[in-house]
Amino acid sequence: MWDRPGPGLEPVSPTLAGGFLTTALLTEASEEASLRALESLMTEFFHDCTTNERKREIEELLNNFAQQIGAWRFCLYFLSSTRNDYVMMYSLTVFENLINKMWLGVPSQDKMEIRSCLPKLLLAHHKTLPYFIRNKLCKVIVDIGRQDWPMFYHDFFTNILQLIQSPVTTPLGLIMLKTTSEELACPREDLSVARKEELRKLLLEQVQTVLGLLTGILETVWDKHSVTAATPPPSPTSGESGDLLSNLLQSPSSAKLLNQPIPILDVESEYICSLALECLAHLFSWIPLSASITPSLLTTIFHFARFGCDIRARKMASVNGSSQNCVLGQERGRLGVLAMSCINELMSKNCVPMEFEEYLLRMFQQTFYLLQKITKDNNAHTVKSRLEELDESYIEKFTDFLRLFVSVHLRRIESYSQFPVVEFLTLLFKYTFHQPTHEGYFSCLDIWTLFLDYLTSKIKSRLGDKEAVLNRYEDALVLLLTEVLNRIQFRYNQAQLEELDDETLDDDQQTEWQRYLRQSLEVVAKVMELLPTHAFSTLFPVLQDNLEVYLGLQQFIVTSASGHRLNITAENDCRRLHCSLRDLSSLLQAVGRLAEYFIGDVFVVRFSDALTVVERLVKVTLYGSQIKLYNIETAVPSVLKPDLIDVHAQSLAALQAYSHWLAQYCSEAHRQNTQQFVTLISTTMDAVTPLISTKVQDKLLLSACHLLVSLATTVRPVFLISIPAVQKVFNRITDASAQRLVDKAQVLVCRALSNILLLPWPNLPENEQQWPVRSINHASLISALSRDYHNLKPNAVAPQRKMPLDDTKVIIHQTLSVLEDIVENISGESTKSRQICYQSLQESVQVSLALFPAFIHQSDVTDEMLSFFLTLFRGLRVQMGVPFTEQIIQTFLNMFTREQLAESILHEGSTGCRVVEKFLKILQVVVQEPGQVFKPFLPSIISLCMEQVYPIIAERPSPDVKAELFELLFRTLHHNWRYFFKSTVLASVQRGIAEEQMENEPQFSAIMQAFGQSFLQPDIHLFKQNLFYLETLNTKQKLYHKKIFRTTMLFQFVNVLLQVLVHKSHDLLQEEIGIAIYNMASVDFDGFFAAFLPEFLTSCDGVDANQKNVLGRNFKMDRPCARCPGARASLPLRSPAGKMGNSALCGPD
């Protein structure tokens, strides 16, 4: 983009160039010499051969020059005298820095000269300057306006309007207008709130004039070129506007107006129109809807929106062949995109004044005319081919419009009799199912989801009108459901579905195919909620058709020497089978997704349909397990085998989705003692049990395990444990000689077996729960699962063979992962369940505590052990009892010496840090425990935090351990406030008269100091967390009002937080910091204004004494009422952080 020096140009001498720049300001006649030196320096800087060290030297020279008083005069000369892009950009950067950071200290006379010279420079050279230099110069002038308009730069906006009105400078005026809108209507944070409000008010006063000018520009261009546009001969379809168009448009004249041919614009006119539309789009982003936005302006914008769907012009450009014509076609398309951007900015406003609703209706009518135009089928174009020929950005904007219409305005517009919503849905349907890209289709499905949500909430709020509303939309919803179901089936949509990627995971950990299916099924589910009978009668027959193919495979299975083989070998048959299996997998997921619509209040009404589905699913899962389709040889093993496994896994997952229905059926069956329910569960277990094997693929194994967990946890039938298939699973898992399942499957199966024995049976009284027998069985189960683990216990009576460390680690990992999961899943259950669980686990817990010291230097093992203990503390600490809990805590406190903590944090990487974090989490549980039981540990815990952990992590930049440590400190304060402040009855009655008695003051001060230090570090997450903790302690415990905080800490905290605001190091937390400063300052406003503020201003760098005085004077001394809205935010907004460098707040020029 910028010229580099030619090969023959020698870099200038550093000493010479540096000397010219540093002495340039000392002589009157050095401007020319300085320019030459600067050009040489810039050329050298961007030369390929220049070293990084030399570049740093040059950068330092340039920065020093920019800081000199009066450097701007040289820059003004450079701008008018050079053609070197680098020099011009540097000079403008000097001006930008001067205006935005040093304008306060610039003498009035200099400001006047700058305000006069820069616009003249722009006017003289705007046609010859490179566009990026011109735009930068425009921004610099607007920056001056941002500071000085209207008081000291009264003709700033008038000049812009004059530029727009003069044909020669119209483009320049539009660029200035857009820049002004960007910089003044939405300014950066370096302006005070008062100045921001003043600028917005000033701009709003100009809106009507500006919109009038922009309307005039667009209308003039349109009218001028419309006159010369050739009228095309009438096409056979031109009279085909039909009823739909007359419904959408209020009058035939509107339709006629929009049917006028689109004019051919010259390049200059297109450029001006694109600038005008860009201005409108930005203006619409912040101006309110009002009468200033006239019908003629809206109509004109819609005229330009037609450029985006003008295929004829795009084709002419490509047929005529020249690159200029192609660019012309692209520019015309861009006008359509810009016009749609304007429309969408208006659409995005939810607050619509009554007087603007008619305009809004007109906008919808005109946009839906365009929608009809681009979805019209005729002989020359299918809808899809028409959409493919349109600019992709235009389609995106149009889809955005439709989304905004449905999400923001449908509720408002639906009541208008002249707006036909059903016809709109017809157009949306055509638009959705002819999208040329997957992303476009996804976006349209989102719009249908929004519409279905709207319809659902409308029906719930007007139950009396439910039938009328559903009757109105029923046909459209059934059509939508049918088409979405067709789109997920290879039978109807193979070409498109095969394009979808089913391997690469996105940020949500799903493939493109999974996303496609999920979004489609969400639409199916939402239609099901509205029209359950229609949805079921549409989906189930399709599922049945594919099930028949799957269930019929048995007849093609033949026995060979190597096992069973599927005797389907013809390529066409294999392809059809592949498509049918893929479709069956998708439909099984659809059926599973609908499970929630058969439970609750509608259980009885829809029982028959649900039972039909569940019976079919049970039959399919049993069939797959019995004939072992997952192990069958096929003609195309890389395709058909994964298909067969997936169908089997999806049938299990679909059945699992009906576990809540089965649970409701279970409670009904309990009352009726129906054999049908028993048969369903028994058959399901017959299907699941053969799959719990190391010979089964992981995908299928895990689906079977999840189904088993749901039966044990959600359904909980009394007879489950007595089913022979379940007994087989118990025997397999407890058999020491059986091969262990993969970790995840082993954990799930053990969870299921534990829950069968621990969870109370529904609908049975306590005396029928058979707890004694179940307790014995559970103890046997846990004993079998932890057999090898118990053998690791040191000091066992029998002498042991020394086991390799790696084997020991494997046993510890395998056992603790199972036991931890069992505890975690029982932690929210009844007391009896937790008692039995702990009784079974007691020996394992003691073994773990005995092993812990031996593995303290093995961070991976320690990590797993502490995870187990953390889960125990969270779920079973009551059952563990006080003495044993104390023993565990004391063991940990003894083991985690300073040396051990340092080793874990500093030398063992992320695993070592995780160990310490889990230890701190265990202590968090301890300090939160109510009552006096664990209070004796508080001194040791605080000492460990402040004397052992904190010194190690305080200066480390890494966030590891810090968040957990500060949470522990917060919880120590929050739940043990009386450990530090002994509140007496008298003190609480006479609050404010008697001061609470302070205890353990050194520990409290150390904790507060640690919090204060954390605000000096760059970690924004830790900063936010700790600020929240302080605010919570103030809300709950009046922290800021305590004497020790008020007298020794308050203004230190305020000082740190204000410094953070001034230096903008944590800008994302401005509001939270501001509220905290207010809450702290409000404890002692007099001291804040009289003592703290002057001292703070004295310590501020970068402002002189006069500026400090002005800032101090302008700091308002009023005290906002704490009950007033916005009062809490008012103090920081008037703080020096908001005023530094703001000329408007510092008096006259």
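Residues numbered from 1 in each chain as written. Predicted model: local features only at pLDDT ≥ 70, side-chain atom pairs only at ≥ 80, totals over all residues. Heavy atoms only, no water.

### Quick word on the overall build of the protein chain
Inference 1: When helices and strands are tallied, the protein chain shows 54 helices and four strands.
Inference 2: Out of the 1149 residues in the protein chain, the part that is buried amounts to 53%.
Inference 3: Of the contacts formed within the protein chain by residues at least 6 apart in sequence, a portion of 75% connects residues at least 24 apart.
Inference 4: When the accessible surface of the protein chain is summed, it comes to about 52000 Å², and 52% of that surface belongs to carbon and sulfur atoms. (Helix = DSSP H or I, 4+ residues; strand = E, 2+ residues; numbered from the N terminus. Buried < 20%, exposed > 50% of the residue type's maximum accessible area, 1.4 Å probe, protein only. Contact = heavy atoms within 4.5 Å. Areas by Shrake-Rupley, 256 points an atom, 1.4 Å probe, with all protein chains shown as cover.)

### Re helix H22 (residues 466-487)
Inference 1: The terminal C-alpha atoms of H22, which comprises 22 residues, lie 29 Å apart, in line with the 32 Å expected from a rise of 1.5 Å per residue.
Inference 2: Where H22 bends most, the angle comes to about 55 degrees, and this point is Tyr-473.
Inference 3: For H22, the full list of buried residues reads Val-469, Leu-470, Tyr-473, Leu-477, Leu-480, Leu-481, Val-484, Leu-485, Asn-486 and Arg-487.
Inference 4: In the core, the buried residues of H22 are packed alongside helix H20 (421-432), helix H21 (438-461), helix H23 (490-499), helix H24 (512-530), helix H25 (532-551) and helix H26 (571-593). (Expected span 1.5 Å × (residues − 1). Bend = angle between axes of the 7 residues up to and from the residue.)

### Digging into the side chain of Arg-732
Inference 1: Checked against the element boundaries, Arg-732 lands in helix H32 (residues 724-734).
Inference 2: Despite being buried, Arg-732 has no salt bridge partner; Asp-735 is the closest side chain of opposite charge, sitting 7.7 Å away.
Inference 3: Apart from residues lying up to four places away in sequence, Arg-732 is in contact with Ile-692, Ser-693, Thr-694, Ala-738, Gln-739 and Leu-741. (Lys, Arg positive; Asp, Glu negative; His and termini not counted. Salt bridge = Lys/Arg side-chain N within 4 Å of Asp/Glu carboxyl O.)

### Description of the pairing of strand E2 (residues 563-566)
Inference 1: Strand direction decides the pairing type here: strand E1 (residues 557-560) and E2, joined by four bridges, are antiparallel. Residue pairing across strands places Ile-557 opposite Leu-566, the latter belonging to E2. (Pairing = 2+ DSSP bridges.)

### Description of the packing of aromatic side chains
Inference 1: The full count for this structure, using the stated rule, is 66 aromatic pairs.
Inference 2: An angle of 75 degrees between the planes, with centres 5.2 Å apart, marks the rings of Tyr-665 and Phe-677 as edge-to-face. You can see Tyr-665 sitting in helix H29 (residues 659-672) and its partner Phe-677 sitting in helix H30 (residues 675-688), a full 12 residues away along the chain.
Inference 3: When its relative accessible area of 4% is taken as the criterion, Tyr-665 is described as buried. (Phe/Tyr/Trp six-rings, centres within 6.5 Å; stacked < 30°, edge-to-face > 60°.)

### Regarding the side chain of Ser-867
Inference 1: Relative to the assigned elements, Ser-867 resides in helix H38 (residues 859-880).
Inference 2: In terms of polar contacts, Ser-867 uses its side chain to reach the side chain of Lys-918, at 2.7 Å.
Inference 3: With residues up to four places along the chain from it excluded, the contact list for Ser-867 reads Glu-820 and Lys-918. (Polar contact = N/O pair within 3.5 Å; in protein donor to acceptor, adjacent residues only side chain to side chain.)

### Notes on the state of the cysteines
Inference 1: The full count for this structure, using the stated rule, is zero disulfides.
Inference 2: Here Cys-750 is not cross-linked by a disulfide; its sulfur's nearest cysteine counterpart is in Cys-705, at 9.6 Å. (Disulfide = S-S within 2.5 Å.)

### Remarks on unusual backbone geometry
Inference 1: Omega for the peptide link from Trp-149 to Pro-150 comes to 0 degrees, which places this bond in the cis form.
Inference 2: With respect to the helices, strands and loops of the structure, Pro-150 is situated in the loop between helix H7 (131-148) and helix H8 (156-165).
Inference 3: Unlike most non-glycine residues, Lys-628 shows phi in positive territory, near 50 degrees.
Inference 4: Here Lys-628 is to be found in the loop between helix H27 (607-626) and helix H28 (637-657).
Inference 5: Here the phi dihedral of Gln-770 falls at roughly 55 degrees; this positive angle occurs in a residue that is not glycine.
Inference 6: Mapped onto the fold, Gln-770 is located in the loop between helix H33 (743-758) and helix H34 (771-785).

### Side note on the nonpolar core
If you look at soluble globular proteins, the nonpolar side chains tend to sit buried side by side.
Inference 1: If you look at the biggest cluster of nonpolar residues, it comprises 385 residues, and the most contacted ones within it are Phe-451 and Tyr-550.
Inference 2: Ranked by the residues each element gives to this core, the list is headed by helix H10 (residues 193-228), at 12 residues.
Inference 3: The contact partners of Tyr-550, leaving out residues within four places of it in the chain, are Leu-581, Leu-584, Val-620, Tyr-623, Gly-624, Leu-629, Leu-644, Val-647 and His-648. (Core = buried A, V, L, I, M, F, W, Y, C linked by side-chain atoms within 4.5 Å.)

### Remarks on the pattern of salt bridges
Inference 1: With the rule as written, the count across this model stands at 37 salt bridges.
Inference 2: When the shortest N-O distance is used, the salt bridge between Glu-439 and Arg-515 registers 2.9 Å. With Glu-439 in helix H21 and Arg-515 in helix H24, the pair connects residues that are 76 residues apart, well separated along the chain.
Inference 3: What makes Glu-439 partly exposed here is its relative accessible area of 44%.
Inference 4: Between Lys-921 and Glu-964 there is a salt bridge, with its nearest N and O atoms 3.9 Å apart. Of this pair, Lys-921 sits in helix H41 (residues 909-928) while Glu-964 sits in helix H43 (residues 962-975); the two residues are 43 residues apart in sequence, bridging distant segments of the chain.

### Some words on H20
Inference 1: For H20, built from 12 residues, the straight-helix expectation of 16 Å at 1.5 Å per residue is met to within 8% by its first-to-last C-alpha distance of 16 Å.
Inference 2: When H20 is considered as a whole, its buried residues turn out to be Val-421, Phe-424, Leu-425, Leu-427, Leu-428, Phe-429, Tyr-431 and Thr-432.

### Examining the packing of H32 against H33
Inference 1: Remark: H32 packs on H33, axes separated minimally by 11 Å, with the N-to-C direction vectors making an angle of 120 degrees. Classed by the angle they form, the pair H32 and H33 counts as oblique. The handedness of the crossing between H32 and H33 comes out as left-handed. For the pair H32 and H33, contact is made by Val-726, Val-729, Phe-730 and Ile-733 and by Gln-746, Val-749, Cys-750, Leu-753, Ile-756 and Leu-757, respectively.
Inference 2: Residues of the contact of H32 with H33, tallied by class, amount to nine nonpolar, one polar and no charged. (Axes fitted to C-alpha atoms, helices over the stretch in contact; angles between N-to-C directions. Parallel < 35°, antiparallel > 145°, perpendicular 65-115°, else oblique. Left-handed = near helix turned anticlockwise from the far one by under 90°. Nonpolar A, V, L, I, M, F, W, Y, C, P; charged D, E, K, R; others polar.)

### Overview of the environment of Lys-1042
Inference 1: As for its position among the elements, Lys-1042 is in the loop between helix H47 (1020-1037) and helix H48 (1043-1048).
Inference 2: Sequence separation between Lys-1042 and Phe-981 is 61 residues; the distance between their C-alpha atoms is 9.2 Å.

### Some thoughts on the confidence of the model for the protein chain
Inference 1: On average, residues of the protein chain carry a pLDDT of 85, and 87% of them reach 70 or more.
Inference 2: Counted against residues more than four places away or in other chains, residues 315-328, with its pLDDT under 50, gives 12 contacts.
Inference 3: Overall, residues 1121-1149 carries pLDDT values under 50, and its contacts beyond four positions in sequence, including any with other chains, amount to 68 contacts. (pLDDT = per-residue confidence, 0-100.)

### Examining the packing of H30 against helix H31 (residues 698-715)
Inference 1: Direction vectors running N to C along H30 and H31 enclose 150 degrees, while the axes themselves pass 10 Å from each other. Here H30 lies roughly antiparallel to H31, going by the angle between them. Our pair here, H30 against H31, has a crossing hand that is left-handed. Residues Phe-677, Ile-681, Thr-684, Met-685 and Val-688 of H30 touch H31, and the partners they reach there are Ala-704, Leu-707, Leu-708, Leu-711 and Val-715.
Inference 2: Class assignment for the residues of the contact of H30 with H31 results in nine nonpolar, one polar and no charged.

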